[in-house]
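# Analysis of the macromolecular model
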Amino acid sequence: MLHNFYQKLILKYPLSVFIILITSILIFGTNVSKLEIDASAETLLLNDDKDLAFSRTVAKRFHSNDVLILAYKPKHDLLSPESLQTLTHLSEDLEKLPSVKSVDSLINVPLFFSPIREMDDLLNKTRTVKSPNIDLSLVKQELLTSPLYKDRLVNKDFTISSIFINLYQDPEYFTLLEKRNFLLDKQKITSLTKEEKQTLRDVTIVFKKHRDEQRILENTNIKEIRSLITKYQNDATFFLGGVQMISNDIVGFVKSDLLIYGSILILLLILVLGIVFKKPRWVIIPILICALSVIAITSSLGFFGWEITVISSNFIALQLIITISIVLHLIVRYEELLTLYPRASSKRLILLTMLTKATPTFFAILTTIAGFSSLLFSKIHPVINLGWMMSVGITMSLIISFIVFPSVLMLLKKTAPVKRKKSSFSLPSLTSKIVLHDKKGIFTITFFVIVFSVTGAAQLIVENSFINYFKKDTDIYKGMKIIDQELGGTTPLDIIVTLSDENNTVSPISIAEEATEAEGDSFEDEFNSVEDPDLYWFTDEKIAIINNVHDYLTYMSQIGEVQSFATLLNTGKILNHNKDLDSIDLALIYKKLPQKYREIILLPYVNIEHNQLRFSTRIVDSNEALRRDALLKRIKGDLTHIIDPDVGTVQLTNLMVLYNNMLQSLFHSQITMIGLVLLIVFFMFFVLFRSLKLTLIALTVNIIPIAMVFGFMGWLNIPLDIMTITIAAIALGIGVDDTIHYIHRFKVEFAKDNFYYFTMHRTNTSIGNAMYYTSLTVIIGFSILTLSNLIPTIYFGILTMLVMAAALISNLILLPKLLLLFKPLTKTIIR
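Residues numbered from 1 in each chain as written. Predicted model: local features only at pLDDT ≥ 70, side-chain atom pairs only at ≥ 80, totals over all residues. Heavy atoms only, no water.

## As for the overall build of the protein chain
Stated precisely, the cut-off is as follows: Each helix corresponds to a stretch of at least 4 residues labelled H or I by DSSP, and each strand to a stretch of at least 2 residues labelled E; elements are numbered beginning at the N terminus. Categorising residues by exposure relies on relative accessible area from a 1.4 Å probe, with only protein chains included: less than 20% of the type maximum marks a residue as buried, more than 50% marks it as exposed, and the intermediate range marks it as partly exposed. Should any heavy atoms of two residues lie within 4.5 Å, those residues are counted as being in contact. All accessible areas in this document rest on Shrake-Rupley with a 1.4 Å probe, and a residue is counted as covered only by the protein chains that are shown. This count recognises Lys and Arg as positive and Asp and Glu as negative, with His and chain-terminal groups excluded. The atom standing in for a charge is NZ when the residue is Lys, CZ when it is Arg, CG when it is Asp and CD when it is Glu.
Along the protein chain, the regular secondary structure elements total 29 helices and 9 strands. For the protein chain, the spread of C-alpha atoms along the three principal axes comes to 120 × 60 × 50 Å. Looking at the 831 residues of the protein chain, the share that counts as buried comes to 55%. Look at the contacts in the protein chain between residues 6 or more apart in sequence, and 80% of them connect residues 24 or more apart. With the model as given, the accessible surface of the protein chain reaches about 37,600 Å², and the carbon-plus-sulfur share is 61%. With 80 positive and 77 negative side-chain charges, the protein chain shows a separation of 24 Å between the mean positions of the two kinds.

## Focus: helix α7 (residues 171-189)
Test applied: Here a helix's expected span is defined as the number of its residues, less one, multiplied by 1.5 Å. The arc in question is traced by the directions running from the helix axis to the C-beta atoms.
Here α7 is 19 residues long and its end C-alpha atoms lie 27 Å apart, about the 27 Å a rise of 1.5 Å per residue gives. Among all positions in α7, only Tyr173, Leu176, Leu177 and Leu183 are buried. All buried residues of α7 lie within an arc of 135° about the axis, which places them on one face of the element. Exposed residues pointing more than 90 degrees away from the buried face of α7 are listed as Pro171, Phe182 and Ile189.

## Brief notes about a nonpolar patch on the surface
The cut-off we apply is this: Patch membership needs two things, relative accessible area over 30% and no salt bridge, and members are linked within 9 Å if like-charged or within 5 Å if nonpolar (Val, Leu, Ile, Met, Phe, Trp, Tyr). Here, a salt bridge means any Lys or Arg side-chain nitrogen found within 4 Å of an Asp or Glu carboxyl oxygen.
On the surface, a cluster of nonpolar side chains totalling about 330 Å² of accessible area is made up of Leu2, Phe5, Leu9 and Tyr13. In this structure, leucine 2 sits in helix α1 (residues 2-10). Here leucine 2 falls in the partly exposed class, since its relative accessible area comes to 35%.

## Notes on the environment of serine 137
Worth spelling out the cut-off: A 3.5 Å cut-off defines polar contacts: any pair of N or O atoms within that distance qualifies, except that in protein one atom must be a possible hydrogen donor and the other a possible acceptor, and neighbouring residues in sequence count only when both atoms are side-chain atoms.
With respect to the element layout, serine 137 can be found in helix α6 (residues 136-145). Between the C-alpha atoms of serine 137 and serine 114, which are 23 residues apart in sequence, the distance is 8.6 Å. Within the local environment of serine 137, its side chain forms a polar contact with the side chain of aspartate 135, the two groups lying 2.5 Å apart.

## Notes on the sheet that holds strand β4 (residues 236-241)
For clarity, the threshold we go by: Strands are labelled as partners when DSSP assigns at least two bridges between them. Axis definition: a line fitted to C-alpha atoms, over the contacting stretch in the case of helices. Angles run 0 to 180 degrees between N-to-C directions.
On the basis of which strands lie adjacent, the open sheet formed by 4 strands has the order β2-β3-β1-β4 and antiparallel pairing. The sheet is open, and its two borders are formed by β2 (100-104) and β4, each paired with just one other strand. Strand-to-strand twist of the sheet, defined as the mean angle between neighbouring strand axes without regard to direction, takes the value 20°. With 4 bridges connecting them, β2 and strand β3 (residues 161-167) associate as antiparallel partners. Counterpart to valine 100 in the pairing with β3 is leucine 167.

## Concerning the packing of aromatic side chains
Convention followed: Between 30 and 60 degrees the pair is tilted, below 30 it is stacked and above 60 it is edge-to-face, where a pair is any two Phe, Tyr or Trp rings, Trp via its six-membered ring, whose centres lie within 6.5 Å. Here, a charge over a ring is recorded when the distance from Lys NZ or Arg CZ to the ring centre is within 6 Å and its angle to the ring normal is within 35 degrees.
Throughout the structure, instances matching the rule amount to 22 aromatic pairs. On the numbers, 5.4 Å between centres and 25° between planes, the contact of phenylalanine 538 with phenylalanine 565 is stacked. Of this pair, phenylalanine 538 sits in the loop between α18 (521-528) and α19 (540-554) while phenylalanine 565 sits in helix α20 (residues 565-575), placing them 27 residues apart in sequence. Just above the ring of phenylalanine 164 sits the side chain of arginine 152; from NZ or CZ to the centre is 4.7 Å.

## A closer look at the side chain of threonine 431
Relative to the assigned elements, threonine 431 resides in helix α14 (residues 427-437). Taking the relative accessible area as the measure of exposure, threonine 431 reaches 4% and is therefore buried. The contacts of threonine 431, once residues within four sequence positions are left out, are Asn764, Leu812 and Ile813.

## Let's talk about the confidence of the model for the protein chain
Under the convention used in this document: A residue's pLDDT is the confidence the predictor assigns to it, expressed on a 0 to 100 scale.
On average, residues of the protein chain score 84 in pLDDT, and 91% of them are at 70 or above. Element-level pLDDT for the protein chain is lowest in helix α17 (residues 508-519), with a mean of 48, against a maximum mean of 94 in helix α15 (residues 441-457). Note on residues 505-516: pLDDT is under 50 here. Beyond four places in sequence and across chains, it has 17 contacts.

## Concerning the nonpolar core
Going by this rule: Grouping buried Ala, Val, Leu, Ile, Met, Phe, Trp, Tyr and Cys residues that are joined through side-chain atoms within 4.5 Å yields what is termed a nonpolar core.
Leu94, Leu106, Phe405 and Phe470 are the most contacted members of the largest nonpolar core, which totals 199 residues. In this view, leucine 94 contacts Leu70, Val100, Val103, Ile163, Ile165, Ile225 and Leu228; residues no more than four positions away in its chain are not counted.

## Things to note about the side chain of glutamate 561
Following the sequence through the fold, glutamate 561 ends up in strand β6 (residues 559-563). In this structure the side chain of glutamate 561 is engaged in a polar contact, spanning 2.5 Å, whose partner is the side chain of arginine 152. Among residues more than four places away in sequence, those in contact with glutamate 561 are Arg152, Gly488, Ser616, Thr617 and Arg618.

## Structural notes on the packing of helix α12 (residues 346-372) against helix α13 (residues 381-411)
Quick reminder of the rule: An angle below 35 degrees is treated as roughly parallel, one above 145 as roughly antiparallel, one from 65 to 115 as roughly perpendicular, and anything else as oblique. Amino acid classes used here: Ala, Val, Leu, Ile, Met, Phe, Trp, Tyr, Cys and Pro are nonpolar; Asp, Glu, Lys and Arg are charged; the rest, including Gly, are polar.
Their axes nearest at 11 Å, the elements α12 and α13 cross at an angle of 175°. Of the possible angle classes, the one that applies to α12 and α13 is roughly antiparallel. By residue class, the composition of the contact of α12 with α13 is 15 nonpolar, 7 polar and 2 charged.

## Some points on the pairing of strand β1 (residues 67-74)
Extensive coverage of β1 is indicated by the burial of 6 of its 8 residues. Sheet topology note: the β1/β3 ladder contains 6 bridges and is antiparallel. Residue pairing in the sheet places leucine 68 in a bridge with isoleucine 165 of β3. Here β1 runs beside β4; their pairing, made up of 6 bridges, is antiparallel. In the strand pairing of β4, isoleucine 69 is matched with glycine 241.

## Brief notes about the pattern of salt bridges
On inspection of all chains with the given rule, the structure shows 22 salt bridges. Here aspartate 494 and arginine 614 are joined by a salt bridge, their closest N and O atoms 3.0 Å apart. Of this pair, aspartate 494 sits in strand β5 (residues 491-499) while arginine 614 sits in strand β8 (residues 612-619); the two residues are 120 residues apart in sequence, bridging distant segments of the chain. Across the pair lysine 752 and glutamate 749 runs a salt bridge whose closest N-O atoms are separated by 3.1 Å.

Written out as structure tokens, the structure reads:
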């Protein structure tokens, strides 16, 4: 069938086939413009994470807004007239931006201790730094010691101050999201009606359009803020931080990598191909096939609306690895046949090349797809998409390669085979000699590699932080480090305490009675005239819980800023002549507190309707001892002991929890699925080789590089995260490809004389060259990724080079040694 396909179509009408194919791809390629990059926090979350739903509920109940933090380091003293004037002008400019709701900085925050005044006076008249006759020495003391501001608004050295840029909420986004998710969840349980299906399609389109518009606005907002900062750079140094800013900058880095390093990668591939094969056609054809494959897959992504994320940002690089491998095997095989049969017609040589490489290449691609299929079992949408991207992309590469290679070659004149000068060094020949003359060295080294891999893998941690995404010399890293270490941390973590109904309220009579004893009948009359039941919510028991939880969180080294209702209680204690506020004091304050102050100091931390308390913290991401999963479990366990389960329950939420859930889910799903994928590969090996011995040998050879990569990661302290966890699928895909090609060729060569040693030498110096050229090309090409500003991309480049080298050595040394040792092939009658 394949013979007829090439004889009657591809080789008979090469020009027509090539024109139709390239025209189709280029027309379809218009969809490339629809390809989008999404680096938002949503891409790092589990699809069915219950904590995600709870986090969104918490954001609504406690009126949480997105905040950007701008670290302000003036050249003069923070409270100098010059610094305050710069800060005033900058704040005014920031507040004019359409996306900015308000700006909080040291020039407008209320001052309570400068000097300490009576409560009524504080509530009626707020003082700030700009108030007349303000004592700046008292202001400095308050900013450095106040529970509200220390280590949050200013650093310990009083050289840097935070500017909190509060952004407008986008209620329409969450309305559309909830509507879409409701229908998606319902679809999982039962079938939707015709109207509901149409509603789901409509709301999905509207949601995506609205989300894309918001991303443009967010990007514009970040640019406008940075543009404003440049106006004041002569007066101060600025560092911008916040989740929205991190997402925006990651998109910029990903786009930069795709454009700059993608272009340099192609140039390096051209250079290496030119040096190795010394024929223009063997440079043009591989690059052409790679380009068409990339256009085809990126157009498909744009057409189907699949977005590139941080996780899938290197899919083009992976696509190039597989495509180059396919094409180089075809080139080497064609050159071999041309050397053996120099007088054969071009058509016959091309046909024989395609037919002899069809079976091993097909099974190599099939097993590579099986390797990437492990990603489909993740619960993270971008990881699942990467699995589909690679599966579809690899299939496209196979089809395009097996059509373009023969059709273009048919249009070119047949040339003489490449004449290679005898070199003193040839890796395939060297490995052949090593295998032939080695006695125990290979197995001894393999044993130590296994020990190295196992002990290294045992040290692997599932960990990463946003700050570690960037190089230490980048502005974003420097800014995040200052905010992280000196201004309260980076990653938000909320602790929500839900109190039991029994502890919800106390009788207003009991409060009035206590008040009467303390202040006389007038207070009782005033209390009885109040109709607001929320006054009775603040009890001594709840105050004790709030203080205990807040104090516990404050003393944890991994936690920076801690804000809760206890912050107000501690402030009130100082104002109350260092006496703790009780339920009576709080009821009185609550009654007199203006609504605008309730929204600032109360509503973000107390939800009376749902009987909940919120403790808002930020994790110090740059803390090298930070282990997210262990920290979250410790906090949950400790607070369960601090708070009686009958009194209240504890839930942890926000980005810290959601990101950790994603990492843990990805790790467990990948570890589980590697076993399944190895089982699938075992079955495919058995079908292809029809020998249990050969299958076990092939599987062993492929497990070693995977273990070796994990060993290196463990010993070099490279954490398993959203990028590096996929290296197992990559290692399996690349290793299996080489193994299938090697064993297939070994069987062909063995049938010639039934001598294992001669067979091994011929195999190493034939198919070994193709494997060597592929690995060399990819290693040199991917070395450029180590210059990226994104640490995950650098790790990807390093680990990919390591995988290629490990797979090559394993298949050129360990594989033939095992074949010579176990002799799995049956001798055939030579005619």
